[in-house]
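# Examining the three-dimensional arrangement
Spelled out from the first residue to the last, the chains are:
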Amino acid sequence: LLGLQVETESTLLQSHGSDWTRFYAPAPLGVVFPRTTEDVLQIVRIAREHNIALVPSGGRTGLSGGAVAKSGELVVSFDRMNQILDFNPTDRYVTVQPGVITATLQEFAEQQGYFYPVDFASSGSSQIGGNISTNAGGIKVLRYGLTRDWIAGLKVVTGTGELLELNKGLVKNATGYDLRHLMIGAEGTLGFIVEATIRLAARPRELNVILLAVPEMGAIMNLLAAFREKLQLTAYEFFSENALQHVLQHSGGRHPFHDSAPWYALLEFESLTETDTDQAMEVFEVCLEEGWCLDGVISASEAQRQELWSYRERISESITPHTPYKNDVAVRVSRVPEFLAAVDAEVNARYPDYEIVWFGHIGDGNLHLNILKPATLDTGVFKAECEKVSEYVLAIVEQYEGSVSAEHGVGLIKRDQLHFSRSPAELAFMRAIKQVFDPDNIMNPGKVIAMDNPL
């Protein structure tokens, strides 16, 4: 590739041809490591000329198969496009290459006296380009929104081999279609992000965490309403007792309560005044009297805040060895309890022998349903069975007017289930948009939307 080495070492092909999805065997043609925008332009133009499929690769922490190369594609890894290019304190913007690790951007923002609020368990290894390409959400969406809300500008190399500079960091720009937002969440199917200008926020004041033991799901929503009325919540999470047990078995930690409960709610709030902690305790006492919670603990130090968060953030890594089949779904917040009950009943009725692990960002209506593979069951058989489960689950999602993928993206796993959330007209327009930006279908083909001209 005119000076760019295509790597074909088998270990590298395995590592860079897959993501955290465990259902596809990686089989890429090779891996190439661009360093500059010009390198990416060259790769795309050559790929288009020779009809070579390209798969973008970042931190490979995705959970929908969006970064999987299973059919002889060339993997374009952004590991070496990892520079912070510029910081403008007046605009409060930072410009980065796509391979910058999320935690690196968070640390840089803190060093400048600011805050990058998009955060999740994989922030230590995920890359900004992947975050943008999946419109990553995470634990602070309740207060700060999604990745989309922090992107002031993008540079993108399209499937036609053209470089687009989108929005250029403007706050106001009423000049027609904002193509920046087409690229955010497109999973590299329209073009590859080569540079991003990102907004930073003011640093929050002191953050406190409360972990609550909850007797039943409906009470979790009562707790949300009660605390949200009195405090500035930055996060509101939930998880089940068996999710907590997996974390404790995986990490060797201790149970946060003397007596276990079916559910747990974790809330984080910003102390804007000296009385906010007292206010939180008053709300807790009311919730205890109402029977909405059974027990609770509030962080008394930064170390304890991180410990309480670890019970939630370590769930994904603790269940990964069990080959979980993940459904990342969302409904309106008000409909969460009845929706979760309907899904739980459906799955348990049809597959009583499968372990179900629930957790998620319940403050914004995003639930993670994880079905764990029995140790003795073949992976292929398990995946096929879970796909049947998903048809029932996603029919309930459709009934509740929800999303089949709230933040994990579509990739390969959800592509053929998109019709549960998107109308036939929407799907037709999505294919038409794909055709405009990637007429030869070389940009992450087979992901998000099925095309009529697969490579």
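The sections below set out a description of the structure shown in this document.

### A few points about the overall build of the chain
If you tally the helices and strands in the chain, you get 14 helices and 18 strands. Principal axes of the C-alpha set define a box for the chain whose edges measure 70 × 55 × 45 Å. Residue pairs in contact within the chain that sit at least 24 positions apart in sequence constitute 72% of those at least 6 positions apart. Counting every atom, the chain has about 19300 Å² of accessible surface; 49% of that belongs to carbon and sulfur. Each charge class in the chain can be summarised by its mean position, and for the 37 positive and 58 negative side chains these summaries are 6 Å apart.

### Side note on the sheet that holds strand β2 (residues 30-32)
An order of β1-β2-β4-β3 is seen for the four strands of this open sheet, with the pairing classed as mixed. Of all the strands in the sheet, the pair left with one neighbour each is β1 (6-7) and β3 (54-57). Pairing geometry for β1 and β2, over two bridges, is antiparallel. Paired with V6 across the two strands is V32, which belongs to β2. Helix-sheet contacts for helix α2 (residues 37-50) involve β2, β3 and β4 (74-77), and the interaxial angle to β3 is about 155 degrees.

### Here we look at the nonpolar core
Ranked by size, the top nonpolar core spans 56 residues in total, and within it F227 and Y236 carry the most contacts. Ranked by residue count, the leading element in this core is helix α7 (residues 217-230), at eight residues. Excluding residues that lie within four positions of it along the chain, Y236 makes contacts with L142, I220, L223, L224, A265, L266, L267, H361, I362 and G363. Counting 30 residues, the second largest nonpolar core, distinct from the first, contains V118, I128, I184 and I193.

### Considerations on α7
Given 3.6 residues per helical turn, the α-helix brings residues three or four places apart onto the same face. Restricting attention to buried positions, one finds in α7 the residues M217, A219, I220, M221, L223, L224, A226 and F227. As for α7, its buried residues are in contact with β12 (207-214), β13 (232-240), β14 (263-270), α9 (276-290) and α12 (336-350).

### With respect to the pairing of β14
Regular strands place their side chains on alternate faces of the sheet. Of all eight residues making up β14, eight are buried, and the element is well covered by its neighbours. Residue alternation in β14 divides its side chains into two sets, W263, A265, L267 and F269 and Y264, L266, E268 and E270, and both sets are buried. Pairing between β12 and β14: eight bridges, direction antiparallel. Of the residues in β14, the one forming a bridge with V214 is W263. In the sheet, β13 pairs with β14 via eight bridges, with the strands oriented antiparallel. Across the sheet, residue Q232 finds its bridge partner in β14, namely E270.

### Some words on the pattern of salt bridges
With the rule as written, the count across this model stands at 16 salt bridges. Notably, a salt bridge pairs R350 with E346, separated by 2.4 Å at the nearest N-O pair. On the criterion of helical spacing, the pair formed by R350 and E346 is a turn pair, its members being four residues apart in helix α12. Between R415 and D416 there is a salt bridge; the shortest N-O distance is 3.1 Å. Since its relative accessible area comes to 24%, R415 is described here as partly exposed.

### Focus on the packing of aromatic side chains
Counted by the stated rule, this structure contains 12 aromatic pairs. Consider the rings of F87 and F108, whose centres lie 5.7 Å apart with planes at 80 degrees: the pair is edge-to-face. Here F87, found in strand β5 (residues 84-88), pairs with F108, found in helix α3 (residues 102-111); they are 21 residues apart in sequence, far enough to count as distant. Each residue in the set F87, F108 and Y114 is aromatic and connected to the rest through ring pairs, giving one cluster.

### So, the side chain of N370
Topologically, N370 is positioned in strand β18 (residues 366-372). By relative accessible area, N370 is classed as buried at 1%. Within polar-contact distance, the side chain of N370 engages the side chain of K326 at 2.8 Å. At 3.4 Å, the side chain of N370 and the backbone oxygen of H368 are in polar contact. Excluding residues within four positions of it along the chain, N370 makes contact with I319, P324, Y325, K326, E355, I356, V357 and F359.

### Section: the packing of α7 against α12
Look at α7 against α12: their axes get within 9 Å of each other, and the N-to-C directions meet at 160 degrees. Our classification of the angle between α7 and α12 gives roughly antiparallel. Read as a crossing pair, α7 and α12 show a hand that is right-handed. Along the contact surface, α7 presents M217, G218 and M221, while α12 presents V336, P337 and L340.

Reading guide: rules and limits
- Residues numbered from 1 in each chain as written.
- Predicted model: local features only at pLDDT ≥ 70, side-chain atom pairs only at ≥ 80, totals over all residues.
- Heavy atoms only, no water.
- Helix = DSSP H or I, 4+ residues; strand = E, 2+ residues; numbered from the N terminus.
- Contact = heavy atoms within 4.5 Å.
- Areas by Shrake-Rupley, 256 points an atom, 1.4 Å probe, with all protein chains shown as cover.
- Lys, Arg positive; Asp, Glu negative; His and termini not counted.
- Charge placed at Lys NZ, Arg CZ, Asp CG, Glu CD.
- Pairing = 2+ DSSP bridges.
- Axes fitted to C-alpha atoms, helices over the stretch in contact; angles between N-to-C directions.
- Core = buried A, V, L, I, M, F, W, Y, C linked by side-chain atoms within 4.5 Å.
- Buried < 20%, exposed > 50% of the residue type's maximum accessible area, 1.4 Å probe, protein only.
- Salt bridge = Lys/Arg side-chain N within 4 Å of Asp/Glu carboxyl O.
- Phe/Tyr/Trp six-rings, centres within 6.5 Å; stacked < 30°, edge-to-face > 60°.
- Polar contact = N/O pair within 3.5 Å; in protein donor to acceptor, adjacent residues only side chain to side chain.
- Parallel < 35°, antiparallel > 145°, perpendicular 65-115°, else oblique.
- Left-handed = near helix turned anticlockwise from the far one by under 90°.

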